[in-house]
Amino acid sequence: MEKLILFNTLKRKKEEFIPIEPGIAKIYCCGPTVYNFAHIGNLRAYFFEDILKRVLLYNDYKVEHVMNITDVGHLVSDDDEGEDKMEKGSAREGKTVWEIANFYTEAFKKDIALLNIIPPTIYCKATDNIKEQIDMIICLEKKGFTYVTSDGVYYDTSKFPEYGKLAKLDIEGLEEGKRIEFSSEKKNKTDFALWKFSPKGERRQMEWKSPWGTGFPGWHIECSAMSQKYLGETFDIHCGGVDHIPIHHTNEIAQAEACSGKKFVNYWLHGEFLIEEKGKMSKSAEKFLRLQILIEKGYSPLDYRYFLLMTHYRKKIKFSFENLDAARNGFNNLKTKIAEVKANIKDSNVIDIAKTGKYLDKYIGCINDDLNAGEGLALTWEMLKDETLNPSEKILLINVFDKIFGLDLDKIEAIKINLNIPAEIIELAEKRKKAKISKDFKLADEMRNQIKEKGYEVVDEKSGEYSIRVLS
Ligand SMILES: [Zn+2]
């Protein structure tokens, strides 16, 4: 098997992936804070992690994949400092924080499924692991890394000489950690809360007893505590968005390594942002783009997956509907091409392993070079145009490539898709699709019947797309 090369943020270079235990890859990915829907920028991070996981599986690793669900309230950044995201969601919707957390956890899982993202082996909720977090703070306290102020227990970053190694931080020049409420009692700018006390005389919806007083955990402690609980004190890969490098992941390392005295993670992988014209997409803005909005506008979730696939995970993507349209066209062309190829398969086709092997080698060369699935997509087109391959060989390769792409290419049926289908029928089918999206089922049924009368049938697919068949 070809070497798997990954870009390790810790070293700022590409390195060969060598797992701690042969044949097993243990990965931890920072999950969603469930106070609202995920925006499509958030989803890009989970997509990149999905590609990583699929590439590991393709390389025959058994993957143990853990993702946390942040369901404890934390203070939001600059925009609305001092507020708690969960409590804010609760006030906005008139539900308890627990209801908010459950609702948006389910919404997140639904988005992930629509995008064909393979769910983690273990989802762990911060609120299910409060004891583990308190235990880690006790461990840090015993080792002399903490101090208590009037509003919480803090990590003294000056006690951890390697603080900031991941982000290559210039500690002196740093602004105060932005996720932490300002506390004049902090000893160093980079110190952060491990435990926050509930405000005096107030009961929070989520609060727990601790050796230091009733309150709630700081944001960073859950990831250190839960990743080590499920994957061990040292594990292989930790992922997240690039925005996690300077604070969240930096603090995770400080907590975990100070407590265990061992290296926390061998490979740190970070995905770049999806940006709108205005800049990084943020959920704090009033209106934000989420997957459901793309679906309402007539895009399938897999159109968005294809769009993401085109750009390497370490490059920024500029989102616009023009760009998404271009991706959808490309995806439709690919599906049509595959349907055509399938229609030409003959029983007499024989698979020549030498010919398919050449493409499989090239393909693994792309994906094992720091997950370059976009290059794999370009190779797919090259392969489909290769006249020395017969249709059976092409379809075999498509089905293998799709193990990484996750575009449901194996489910495309022979021909039929928009091919030799009159424009009039496609128009009716599009109308029906829009009617279904706006839940006008009466109109949708009417369209289906009109299509039927003209000798065709619309078949819905799981992806939200449809195909058209000629009725025999
Ligand atoms: Zn995390």
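Residues numbered from 1 in each chain as written. Predicted model: local features only at pLDDT ≥ 70, side-chain atom pairs only at ≥ 80, totals over all residues. Heavy atoms only, no water.

Draft legend 1. Spotlight on the packing of helix H4 (residues 130-142) against helix H5 (residues 221-231). Remark: H4 packs on H5, axes separated minimally by 9 Å, with the N-to-C direction vectors making an angle of 100 degrees. Relative to H5, the element H4 lies roughly perpendicular. On H5, the residues that touch Glu132, Gln133, Met136, Ile137 and Leu140 of H4 are Ile221, Glu222, Ser224, Ala225, Gln228 and Lys229. The residue makeup of the contact of H4 with H5, split by class, is five nonpolar, three polar and three charged. (Axes fitted to C-alpha atoms, helices over the stretch in contact; angles between N-to-C directions. Helix = DSSP H or I, 4+ residues; strand = E, 2+ residues; numbered from the N terminus. Parallel < 35°, antiparallel > 145°, perpendicular 65-115°, else oblique. Contact = heavy atoms within 4.5 Å. Nonpolar A, V, L, I, M, F, W, Y, C, P; charged D, E, K, R; others polar.)

Draft legend 2. The arrangement of the coordination of the zinc ion in detail. Distances from the zinc ion to its protein donors, namely Cys30 (SG), Cys223 (SG), His248 (NE2) and Glu252 (OE), fall within the range 2.0 to 2.7 Å. For the zinc ion, the four donor atoms in the first shell make angles of 74 to 132 degrees at the metal, a pattern classed as irregular. If you list the donors of the zinc ion from N- to C-terminus, the spacing comes out as C-x192-C-x24-H-x3-E. Highlighted residues: Cys30 in the loop between strand S3 (24-29) and helix H1 (40-58) and Glu252 in helix H6 (residues 245-260), separated in sequence by 222 residues. Taking the relative accessible area as the measure of exposure, Cys30 reaches 7% and is therefore buried. (Donors = N, O, S within 2.8 Å, 3.2 Å for Na, K, Ca; no water. Tetrahedral: all angles 85-135°; square planar, octahedral: opposite > 155°, others 65-115°. Buried < 20%, exposed > 50% of the residue type's maximum accessible area, 1.4 Å probe, protein only.)

Draft legend 3. Local environment of the pairing of S3. Among the six residues of S3, six are classified as buried, and the element is accordingly described as predominantly covered. On S3, burial covers both faces: Ile24, Lys26 and Tyr28 on one face and Ala25, Ile27 and Cys29 on the other are all buried. Where S3 and strand S4 (residues 62-69) come together, six bridges link them in parallel fashion. What sits directly across from Ile27, in S4, is His65. Taking the sense of rotation as the criterion, the β-α-β connection linking S3, H1 and S4 turns out right-handed. Pairing between S3 and strand S10 (residues 235-241): three bridges, direction parallel. Bridge pairing in S10 links Cys29 to Cys239. (Pairing = 2+ DSSP bridges. Right-handed = clockwise from strand over helix to strand, strands pointing away.)

Draft legend 4. Quick look at the state of the cysteines. The final tally for this structure, using the stated rule, is one disulfide. The side chain of Cys139 participates in a disulfide bridge whose partner is Cys259; the two sulfur atoms lie 2.1 Å from each other. Here Cys139 and Cys259 share a disulfide; its torsion about the S-S bond, 130 degrees, makes the bridge right-handed. With a gap of 120 residues between them, Cys139 in helix H4 and Cys259 in helix H6 connect regions that are remote in the sequence. Each member of the pair, Cys139 together with Cys259, is buried. (Disulfide = S-S within 2.5 Å.)

Any functional reading would require information that these geometric values do not contain.
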